[in-house]
Every structure is written in structure tokens, then in C-alpha cells.
Amino acid sequence: MTAAAVGTSTSVRAEGLSVSGLTVDYGNGAGLWDFDLHVQPGEVTCVIGRNGAGKSSALLGISGFVTPDRGIVEVDGTQLSGAPYRRCREHVSLVVKGRSLFGSLTLAENLALARIDADEFFGLFPQLGSRRDVPAGSLSGGQQQLAAVGRALLRDVRVVLLDELTFGLSPVVRALIARVVREEATRRQLAVVVVEQHVETALAIADRTLVLSEGRTVLDLSTDELAAQTSDVENTYLHP
Ligand SMILES: Nc1ncnc2c1ncn2[C@@H]1O[C@H](COP(=O)(O)OP(=O)(O)OP(=O)(O)O)[C@@H](O)[C@H]1O
């Protein structure tokens, strides 16, 4: 990776998240090249592809946790700049793989730290109500993932990036998360990007789906187009 290529400027205003030419070159032949994306407020875009395709690199480059070699990231027409914590605080929620709560703090304390309205949160996930004052580290994996997703969706941001949000979860919890993400994207007019390995999740929540292979976008599909070629996409780009 080279020094930050993302500076500060304002271009023609486009609502939502716009990414153009995002390139993350790890210097070992792997990474992400010339990644383009536009997600309008209220839309969900899924990014799918097999292991190592570059999906996480896209989210890390957008959020600034990895410094892109090239590319422009804009939220509502304003180019993002600055350290990752600033980007995440002001514009972007990012849920990474694994759990992203403070394990020694209670669920309620985790929410307070992110300035989330607890009533709104427990309205989304009433099944977590009884776990409110339990240390987040002692919640089950699925409960922690629900909490991390809810916290990301309810923060005062315009863009939500979710990496493998259904990884390792039961079908019931996967369906619950998918429903909440879809509903909150619409209700809060969020631009949401979801990295996924399951076409079924993309079919359930996405307006568009990008398929990555070896660091490049090989397909950009509407949900109808994805439904029409699900087995081709799975056989060519998802299965080993
Ligand atoms: N810090 C790094 N240094 C060197 N190579 C890296 C680094 N991070 C990722 N890579 C490589 O870049 C490529 C893309 O990785 P990335 O994690 O973005 O893929 P992914 O599609 O998210 O994969 P997975 O589904 O397995 O998480 C892979 O070949 C990976 O090995």
C-alpha cells in the first residue's frame, strides 16, 4: 500500500455512497482493483465472491481502515478523508468479521457508548431485552452479532458496511438479521453494503449484487438478474 490517496475535496453531489476506482494493492499480487460502487440512500448492495476475492478489502478501503492506493470514496457527494476512526464516527458504521462489542461492558453500556437509543435498539431486537445488563462477552455468538448489527444500523451515520454478517449463524438468526437490515435501510434511508457468501441472503435483501473474483468486479446484477442465474453464479464464483 502507498500513502493515502484519498484527499479532501467536494465533487458533484450524489446522494448515498459513491466509490470509484478503489484499489488496494497488498504488493503480493493480491488485493482489490478499480472497484466502483454507488449505493443510494435506502438501498442495499451485496458484495459476494469466494474466499480471497477482495470483499473485505473493499469494506476496509471504503472505511479507511486500509489505506487505498487509489480511488475516491464519497458520502452524499463529499469525499471522505481523515483517520478511520473519524470516518467511522462521522459517516460510516463498519461491522467486521468476528464480534465487535466491548466484551467486558454490558450490552446497555455498549449501546450508550455508541450513543444508541436503548429503547429503539430493544424495539428492533426484543429477544435481547433480558440480556441488557449482561457483559457483552458472555452473549452467544448470534446475540453478539445481532447487537453489533443493531448498533451499526442505529448510529447517526449515512453508510453502513457489514462484513459476513450471517457467518456461522443459524438460518433463523440469518433471516432475522436480513429482515432487520432490509427494513432499517429503508426506514433510515441508509446506504448499506453487505459482504456475503450466501446468494440466498443477497436475494433476500439486496437491490444490487456485485460479484468479485480475484480482486475485480466480474458481475453487477439486479436482484432479478441474480435470481435468474443463481446456479451459474454459485458454480462459477462461489464454490471452490
Ligand atoms: N494485509 C494483507 N496483506 C497481504 N495480503 C492480504 C492482506 N489482506 C488480505 N490479503 C489478500 O488479499 C486478497 C483479498 O483478501 P480479502 O480479505 O479482501 O478477501 P475476501 O473476499 O474478504 O476473503 P474471505 O471471504 O476469505 O474473507 C486475498 O488473497 C488475501 O490473502
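Just so we're clear, the structure is a prediction, and the values are computed from it rather than from any experiment.

Draft legend 1. Geometry of the sheet that holds strand 6 (residues 92-95). With mixed pairing, 6 strands are arranged side by side in an open sheet as 6-7-8-3-9-10. Edge positions in the sheet fall to strand 6 and strand 10 (216-222), since each of these pairs with one other strand and no more. Recorded for the sheet is a direction-independent mean angle of 15° between the axes of neighbouring strands. Packing against the sheet, helix 5 (residues 141-154) makes contact with strand 6 and strand 7 (159-163), and its axis sits at approximately 170° to strand 6. Where helix 6 (residues 171-188) meets the sheet, its contacts fall on strand 3 (44-48), strand 7 and strand 8 (191-196), and the angle it forms with strand 8 comes to roughly 160°.

Draft legend 2. Inspection of the site of the ligand at higher detail. Taken together, 15 residues are adjacent to the ligand, and Gly52, Lys55, Ser56, Ser57 and Lys97 come closest. Residue glutamine 197 places a side-chain N or O atom 3.2 Å away from an oxygen atom belonging to the ligand. Considering the ligand on its own, with 630 Å² of exposed area, one finds that the protein chains cover 63% of that surface. Applying the majority rule of atoms within 2 Å of the grid points places the ligand in the second largest pocket. With 3 residues, helix 1 (residues 55-63) is the largest single contributor of residues to the shell around the ligand. For the shell around the ligand, the per-class residue count stands at 3 nonpolar, 8 polar and 4 charged.

Draft legend 3. Inspection of the packing of aromatic side chains at higher detail. Applying the stated criterion across every chain yields a total of 2 aromatic pairs. With a centroid separation of 5.0 Å and an interplanar angle of 90°, the aromatic rings of phenylalanine 121 and phenylalanine 122 are classed as edge-to-face. Exposure class is identical for phenylalanine 121 and phenylalanine 122. Each is buried. Grouping aromatic residues by their ring pairs yields a cluster made of Phe121, Phe122 and Phe125.

Draft legend 4. Representation of the pattern of salt bridges within the structure. Following the criterion strictly, the structure yields 11 salt bridges and no others. Put simply, arginine 158 and glutamate 15 hold a salt bridge, and the shortest N to O gap is 3.7 Å. Pair noted here: arginine 158 is in the loop between helix 5 and strand 7 and glutamate 15 is in the segment before strand 1 (17-25), with a separation of 143 residues, a long-range link. Assessed through its relative accessible area of 49%, glutamate 15 is described here as partly exposed. A salt bridge links arginine 188 to glutamate 120, with the shortest nitrogen-to-oxygen separation between them at 3.7 Å. Note that arginine 188 is positioned in helix 6 and glutamate 120 in helix 4 (residues 118-124), a separation of 68 residues in sequence. Given a relative accessible area of 24%, arginine 188 falls into the partly exposed group. Three or more residues joined by partner-sharing salt bridges are found here, namely Glu120, Glu184, Arg187 and Arg188.

Draft legend 5. Seen up close, the nonpolar core. If you look at the biggest cluster of nonpolar residues, it comprises 46 residues, and the most contacted ones within it are Phe121, Leu162, Val181, Val192 and Val194. The biggest single contributor to this core is helix 5, with 7 residues. When residues no more than four places from it in sequence are discounted, the contact partners of phenylalanine 121 are Leu107, Leu111, Ile116, Leu128, Leu146, Ala147, Gly150, Arg151 and Leu154. Listed in part, the 27 residues of the second largest apolar core include Val24, Ile62, Val66 and Val92.

Draft legend 6. Layout of the confidence of the model for the chain. For the chain, the mean per-residue pLDDT works out to 89, and 93% of the residues sit at or above 70. In this model, residues 1-11 is a region of pLDDT below 50 whose contacts with residues beyond four sequence positions or in other chains number 32 contacts.

About the cut-offs
Residues numbered from 1 in each chain as written. Predicted model: local features only at pLDDT ≥ 70, side-chain atom pairs only at ≥ 80, totals over all residues. Heavy atoms only, no water. Pairing = 2+ DSSP bridges. Helix = DSSP H or I, 4+ residues; strand = E, 2+ residues; numbered from the N terminus. Axes fitted to C-alpha atoms, helices over the stretch in contact; angles between N-to-C directions. Contact = heavy atoms within 4.5 Å. Near = heavy atom within 4 Å. Polar contact = N/O pair within 3.5 Å; in protein donor to acceptor, adjacent residues only side chain to side chain. Areas by Shrake-Rupley, 256 points an atom, 1.4 Å probe, with all protein chains shown as cover. 1 Å grid on protein atoms, 1.4 Å probe; cavity = no way out; pocket = protein on both sides within 12 Å on 5 of 7 lines; lining within 4 Å. Sits in = over half its atoms within 2 Å of the grid points. Nonpolar A, V, L, I, M, F, W, Y, C, P; charged D, E, K, R; others polar. Phe/Tyr/Trp six-rings, centres within 6.5 Å; stacked < 30°, edge-to-face > 60°. Buried < 20%, exposed > 50% of the residue type's maximum accessible area, 1.4 Å probe, protein only. Salt bridge = Lys/Arg side-chain N within 4 Å of Asp/Glu carboxyl O. Core = buried A, V, L, I, M, F, W, Y, C linked by side-chain atoms within 4.5 Å. pLDDT = per-residue confidence, 0-100.

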